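Each chain, written out:
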Amino acid sequence: MPIYQNSSVNTSNLILGNCKIEVAPYGTTAASSAWTNLGAGIVNSFKHVPTKYSVQAGNAPDPIEGVSTEVAQITGELIEYDATVLSTINGGLISATATSSVSTVVAGGNNVITPMAFRITNKRIVSGTTKYTTLTVFKATLDSGPEITFKSDNDADPIAVMPFAITAKLDTSLTAGSQLYTITRDL
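Residues numbered from 1 in each chain as written. Predicted model: local features only at pLDDT ≥ 70, side-chain atom pairs only at ≥ 80, totals over all residues. Heavy atoms only, no water.

1. A closer look at the pattern of salt bridges
This structure, assessed with the given rule, holds three salt bridges. Note that Lys20 and Glu22 form a salt bridge whose closest N and O atoms lie 3.7 Å from each other. For Glu22, a relative accessible area of 5% gives the class buried. Note that Arg119 is salt-bridged to Glu22, the shortest N-O span being 2.8 Å. Linking Arg119 in strand 7 (residues 116-126) with Glu22 in strand 1 (residues 20-25), this pair joins segments that are 97 residues apart in sequence. (Salt bridge = Lys/Arg side-chain N within 4 Å of Asp/Glu carboxyl O. Buried < 20%, exposed > 50% of the residue type's maximum accessible area, 1.4 Å probe, protein only. Helix = DSSP H or I, 4+ residues; strand = E, 2+ residues; numbered from the N terminus.)

2. Considering a nonpolar patch on the surface
Together, Val9, Leu14 and Leu16 give the surface a local cluster of nonpolar side chains, amounting to about 280 Å² of exposed area. With respect to the helices and strands, the residue Leu14 is situated in the segment before strand 1. Taking relative accessible area as the criterion, Leu14 reaches 34% and is therefore assigned partly exposed. (Patch = residues over 30% accessible without salt bridge, like charges linked within 9 Å, V, L, I, M, F, W, Y side chains within 5 Å. Areas by Shrake-Rupley, 256 points an atom, 1.4 Å probe, with all protein chains shown as cover.)

3. Overview of the pairing of strand 3 (residues 41-57)
Bridging between strand 3 and strand 4 (residues 60-78) involves 15 bridges; their strand directions are antiparallel. Among the inter-strand pairings, Ser45 is bridged to a residue of strand 4, identified as Thr75. (Pairing = 2+ DSSP bridges.)

Don't take any of this as a statement about function, it's just geometry.
Following this line, the structure appears as structure tokens:
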């Protein structure tokens, strides 16, 4: 029989399921209506990655410790191929053209990448009320260009996936304390 270290769980603090992921131009606020949904897929992870430093004294405790740099990273996979979305999230690394019958991604020769804002939103129902947890990174770029992982025709889940990794950097034009990301949660 298990032994429980906590006598209860506050279920209103749980984040259930996955998130919608959206992109907007750099400088867009979390509350703006300018966000574009990237479509079906999965957000695998979010993490805040600080690089710490310490000034060391050979004969005393470290006198100064701090953070030299910090980034936030989001990884996931998209399953809906949309050339326009791929072009948008790549910040100028690739471009897309579309006609009524074909869409084309064009790559190569670009040397400037424009940062974008990304927002992931988790929706849950608590006691009949819709609650949201929203994570927004304000100045981010993809770590690489488009990638497609194909699967076997006989796979139980044969849909090709498009993995992505986003790295957000500090945006010093924003208020201190919200320069890298914000997480808001409805109570």
